[in-house]
Amino acid sequence: MNIFLHFRSCSRDYGGIMSVLGSDSWWKKTLYITGGALLAAAAYLLHELLAIRKEQELDSKDAIILHQFSRPKNGVPSLSPFCLKLETYLRMVDLPYQNYFDGKLSPQGKMPWIEYNHQQASGSEFIVDFLEEMLGVNLNVNLTPEERAVSRAITTMVEDHLYWTIAYCQWVDNVDETQKLLSMTGPLSDTLKWLLSHMNGSMVRREMYGHGIGRFSKEEVYTLMEKDMRTLATLLGDKKYFMGSKMSTLDATVFGHLAQAMWTLPGTRPEQLIKGELINLAMFCERMRRRFWPEWFVEVEDFYFEGESESSGSPTGLLDFGLFSRTNTLDDSDASSHSGGHSHTHSPKSDHSLFDSDVGTGSENDIQLKEELIPDLEV
């Protein structure tokens, strides 16, 4: 009898459990919600990581397709010095190109890389060589053999040494701030940004260790960075560009790296240096930005180092030009027609001006920028 009653009791419990399991309010709804969330997450991950997009028609089979990382949120064209270097170079030589922000690496695992007439080239240096050979462009044509050698040496210092110290500041020491600059949207965007930034930080640490520079302490890494930046400031002096009055490929290289310190690392040691003691590097960056990135707007306040405080202004986003050409948009002349009658700040060692003609465009904003910066540049 007791066994029978126990069996009936167990049967009632089992039946109750099964009735709950069989109800829509439990397992079916849970399954639907969980499955839907997983499908949504999978679709979003595929969209963000594989960059699913509609194929865009090219205007010409001869168009340059530039593969690079997506634009960050703060208006700077790229958080990658090499992507910014190459896109600036294309603008300097006035070659139209099509941006593809697809996140797809080259077969060599590099970014940026280009396609041209079904041929591929990766690695910024080899891309420049490829374009020189295929299209006959050359920013270094007027350099002497000695100047080419000097340019090569500076490029090596910037790309193989300074680069790692800037990357350390971006992706290791200030990874949480850099994470905020990543451009992602959707319900999982914060999680994806955290994963991507910390994965990149781990990769930077590992590669820095293999390079050798990552075996030093934080303070030693920043000491090396400061030495490189001071070297660049000394080499630039009061010149318009690094090799003199004419542009060269070196200017695109240096700009791609220094722009990170100038506009992506607020409150850090590199920003303090470039906007403080090494103001000639800041003016070089601004000269390059205004001449080759007319759609990239920054506030006047962005020229000042404000320690840990945030800038009072927020730059507008960078317009996403498709096929870009600077033809008919910028005056390539070195004439001083945009001085607006305002006096220039001169170097104590020469009669050159830190505000060379192509920095300004004659607008009220340019004049205001000059007037506000001049007191800080006077000796």
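Not measured: the values here are computed from a predicted model. (Residues numbered from 1 in each chain as written. Predicted model: local features only at pLDDT ≥ 70, side-chain atom pairs only at ≥ 80, totals over all residues. Heavy atoms only, no water.)

**Student:** Honestly, the packing of aromatic side chains in this entry has me stumped. Any pointers?
**Tutor:** A ring pair, where both rings are aromatic, is described by two values, the distance of the centres and the angle of the planes. All chains considered together, the criterion is met by 8 aromatic pairs. Taking the centre distance of 5.1 Å and the plane angle of 55° together, the rings of Phe 82 and Tyr 163 count as tilted. With Phe 82 in helix H3 (residues 81-92) and Tyr 163 in helix H5 (residues 145-173), this pair connects stretches of sequence that are 81 residues apart. An aromatic cluster of at least three residues, connected via ring pairs, comprises Phe 255, Trp 263, Trp 293 and Trp 296. (Phe/Tyr/Trp six-rings, centres within 6.5 Å; stacked < 30°, edge-to-face > 60°. Helix = DSSP H or I, 4+ residues; strand = E, 2+ residues; numbered from the N terminus.)

**Student:** Please clarify how the nonpolar core should be interpreted in this entry.
**Tutor:** Counting 72 residues, the largest nonpolar core has Leu 131, Leu 232 and Phe 255 as the members making the most contacts within it. With 11 residues, the single largest contributor to this core is H5. (Core = buried A, V, L, I, M, F, W, Y, C linked by side-chain atoms within 4.5 Å. Buried < 20%, exposed > 50% of the residue type's maximum accessible area, 1.4 Å probe, protein only.)

**Student:** Help me understand unusual backbone geometry, please; the structure alone is not making it clear to me.
**Tutor:** Residues apart from glycine generally show negative phi values, whereas peptide bonds are mostly found in trans. Cis geometry is found at the peptide bond from Met 111 to Pro 112, where omega equals 5°. With a phi angle near 70°, His 118 is a residue other than glycine that sits in the positive phi range. Turning to its location among the elements, His 118 is positioned in the loop between strand S3 (113-116) and strand S4 (119-122). Judged by relative accessible area, His 118 falls into the exposed class, the value being 83%.

**Student:** Would you mind showing me how to read the side chain of Gln 260 here?
**Tutor:** Take Gln 260: it is sitting in helix H9 (residues 249-263). One polar contact links the side chain of Gln 260 to the main-chain carbonyl oxygen of Gly 256, over a distance of 3.2 Å. Beyond its immediate chain neighbours, meaning those up to four positions away, Gln 260 contacts Ser 78, Leu 79, Ser 80, Pro 81, Leu 84, Ile 166, Gln 170 and Leu 265. (Polar contact = N/O pair within 3.5 Å; in protein donor to acceptor, adjacent residues only side chain to side chain. Contact = heavy atoms within 4.5 Å.)

**Student:** Looking at this structure, how should I read the packing of helix H8 (residues 218-236) against helix H11 (residues 279-292)?
**Tutor:** Packing of H8 against H11 brings their axes to within 9 Å, and their N-to-C directions diverge by 75°. Between H8 and H11, the interaxial angle falls into the category roughly perpendicular. Contact residues: H8 offers Met 229, Leu 232, Ala 233 and Leu 236, while H11 offers Asn 280, Leu 281 and Phe 284. Class assignment of the residues belonging to the contact of H8 with H11 gives a composition of 6 nonpolar, 1 polar and no charged. (Axes fitted to C-alpha atoms, helices over the stretch in contact; angles between N-to-C directions. Parallel < 35°, antiparallel > 145°, perpendicular 65-115°, else oblique. Nonpolar A, V, L, I, M, F, W, Y, C, P; charged D, E, K, R; others polar.)

**Student:** Whenever I open this one, the environment of Asn 200 confuses me. Can you help?
**Tutor:** Relative to the elements of secondary structure, Asn 200 occurs in helix H7 (residues 189-211). Judged by its relative accessible area of 19%, Asn 200 falls in the buried class. The spacing of Asn 200 and Trp 171 is 29 residues in sequence and 6.7 Å in space, taken between C-alpha atoms.

**Student:** Help me understand H8 in this model?
**Tutor:** Turn by turn, an α-helix covers 3.6 residues, leaving residues three or four places apart pointing in a common direction. Helix length check: H8 (19 residues) gives 27 Å between terminal C-alpha atoms against 27 Å at 1.5 Å per residue, within 8%. Within H8, the full set of buried residues consists of Val 221, Tyr 222, Met 225, Asp 228, Met 229, Leu 232, Ala 233 and Leu 236. Each buried residue of H8 sits inside an arc of 140° when the element is viewed along its axis, so together they form one side. Projecting away from the buried face of H8 at angles above 90 degrees are the exposed residues Glu 219, Lys 227 and Thr 234. Immediately beyond the C-terminal end of H8, within one or two residues, lies Gly 237, with a positive phi of roughly 55°. (Expected span 1.5 Å × (residues − 1). Arc of directions from axis to C-beta.)

**Student:** I would appreciate a short explanation of the pattern of salt bridges in the present structure.
**Tutor:** If the charged atoms of two oppositely charged side chains come close together, the side chains can form a pair. Counted according to the given criterion, the structure contains 13 salt bridges. Between Lys 218 and Asp 173 there is a salt bridge; the shortest N-O distance is 3.3 Å. Note that Lys 218 is positioned in helix H8 and Asp 173 in helix H5, a separation of 45 residues in sequence. Judged by relative accessible area, which is 29%, Asp 173 ranks as partly exposed. The closest approach of N and O atoms between Arg 269 and Glu 226, which form a salt bridge, is 3.2 Å. Note that Arg 269 is positioned in helix H10 (residues 269-274) and Glu 226 in helix H8, a separation of 43 residues in sequence. A cluster of three or more residues bridged by salt bridges with shared partners is formed by Arg 71, Glu 87, Arg 91 and Glu 295. (Salt bridge = Lys/Arg side-chain N within 4 Å of Asp/Glu carboxyl O.)

**Student:** Can you walk me through the environment of Asp 228 in this structure?
**Tutor:** Tracing the chain through its elements places Asp 228 in helix H8. Relative accessible area serves as the criterion here: at 7%, Asp 228 is assigned to the buried category. Between the C-alpha atom of Asp 228 and that of Thr 165, which follows or precedes it by 63 residues, the distance is 9.5 Å. Among the polar contacts listed, one links the side chain of Asp 228 to the backbone nitrogen of Leu 162, at a separation of 3.4 Å.

**Student:** Would you take a moment to explain the pairing of S4 for this structure?
**Tutor:** For a regular strand, side chains alternate in direction, first toward one face of the sheet and then toward the other. As paired strands, S3 and S4 are joined by 4 bridges and run antiparallel to one another. Across the sheet, the residue bridging to Trp 113 is Ser 122, located in S4. Counted along the chain from S3 to the antiparallel partner S4, the turn is 2 residues long, and its residue Asn 117 has a positive phi close to 50°. (Pairing = 2+ DSSP bridges.)

**Student:** Would you mind showing me how to read a nonpolar patch on the surface here?
**Tutor:** A cluster of nonpolar residues, Trp 194, Leu 195 and Met 199, forms a patch on the protein surface that exposes about 340 Å² of accessible area. Assignment of secondary structure puts Met 199 in helix H7. (Patch = residues over 30% accessible without salt bridge, like charges linked within 9 Å, V, L, I, M, F, W, Y side chains within 5 Å. Areas by Shrake-Rupley, 256 points an atom, 1.4 Å probe, with all protein chains shown as cover.)

**Student:** Can you walk me through the environment of Leu 258 in this structure?
**Tutor:** Residue position: Leu 258 is located in helix H9. According to the relative accessible area criterion, Leu 258 is buried, its value standing at 1%. It is 8.2 Å that separates the C-alpha atoms of Leu 258 and Pro 81, two residues lying 177 residues apart in sequence. With residues up to four places along the chain from it excluded, the contact list for Leu 258 reads Leu 162, Leu 232, Ile 274, Leu 281 and Cys 285.

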